[in-house]
Amino acid sequence: MKEIKTRSGCPVSYTLDFLGDKWTLLILRDMVISDKSTYGEFLASEEKIATNILADRLTMLEQYGFVTKKVSPDKKSKLLYNLTEKGIALVPIIMEMGIWGSVFNPPGLNKQLLDQLTTDKDGTIRNFQQKLKDRLLQAS
């Protein structure tokens, strides 16, 4: 796994050091919007991430505190990934990116989620964050 070295004290640059890679953002998107938590679920995403890239990004996300990794109680050979508080704090950014992409590249987000964000963005984001926090607590 590539070590991340910050280039400056700029907060935008710092954020891009971690999230400037499309695969990292797509993994986070899948965790937030699609409730994905296993290696196999991430591999099944429409974008077809390569196994070596997926393994590298999951390792980076875990090492830098965005996700936790735990053995599945159902199957010892399966790992479950959950967002940490640091990862959950990215939900508003992911939702804003989804809204922006929906405007400029229809069809964008699924209609139900887009309607919820249009009607009550703050409430929708809070609900997603709470669901992820509850999942994190259950995983502990």
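Sequence order as written defines the numbering, with residues in each chain counted from 1. The predicted origin of the model limits local features to residues at a pLDDT of at least 70 and limits the giving and counting of side-chain atom pairs to 80 or more, whereas totals for whole chains, interfaces and linings rest on all residues. Excluding hydrogens and water, the side-chain values take into account all heavy atoms of the structure.

Per the UniProt entry, the sites bearing "domain: HTH hxlR-type" (unreviewed entry) are residues 10-109 in this numbering. Helix numbering and strand numbering both begin at the N terminus, where a helix is a DSSP run of H or I of at least 4 residues and a strand a DSSP run of E of at least 2. Annotated as 57% helix and 10% strand, the span residues 10-109 places its first and last C-alpha atoms 30 Å apart. UniProt positions are given in the numbering used here, feature names are shortened, and annotations may be inferred rather than shown by experiment.

Salt bridges are defined as contacts in which a side-chain nitrogen from Lys or Arg sits within 4 Å of a carboxyl oxygen from Asp or Glu. Considering all chains together, one arrives at 10 salt bridges under this definition. The partner of glutamate 47 in a salt bridge is arginine 29, with the nearest N and O atoms 2.8 Å apart. On the criterion of sequence distance, the pair formed by glutamate 47 in the loop between α3 (39-43) and α4 (51-63) and arginine 29 in helix α2 (residues 22-33) is long-range, its members being 18 residues apart. Lysine 111 is paired through a salt bridge with aspartate 115; the nearest N and O atoms lie 2.9 Å apart. Taken as a pair, lysine 111 and aspartate 115 lie in helix α7 (residues 111-139) at a separation of four residues, close to a single helical turn. You can call lysine 111 exposed: its relative accessible area is 60%. Relative accessibility under 20% of the residue-type maximum defines a buried residue, over 50% an exposed one, and the middle range a partly exposed one, all with a 1.4 Å probe and only protein chains included. The partly exposed category is assigned to aspartate 115, whose relative accessible area is 36%. Overlapping salt bridges, with partners in common, bring together Arg29, Asp30, Lys36 and Glu47 in one network.

It is worth spelling out the nonpolar core at this point. If you look at the biggest cluster of nonpolar residues, it comprises 34 residues, and the most contacted ones within it are Ile27, Val32, Leu83 and Met95. The element best represented in this core is α2, accounting for seven residues. Working rule for contacts: check all heavy atoms of both residues, and any pair within 4.5 Å makes them a contact. Excluding residues that lie within four positions of it along the chain, leucine 83 makes contacts with Leu28, Met31, Val32, Phe66, Val67, Ile88, Leu132 and Leu136. We define the nonpolar core as a collection of buried residues of types Ala, Val, Leu, Ile, Met, Phe, Trp, Tyr and Cys that are connected through side-chain atoms lying within 4.5 Å of one another.

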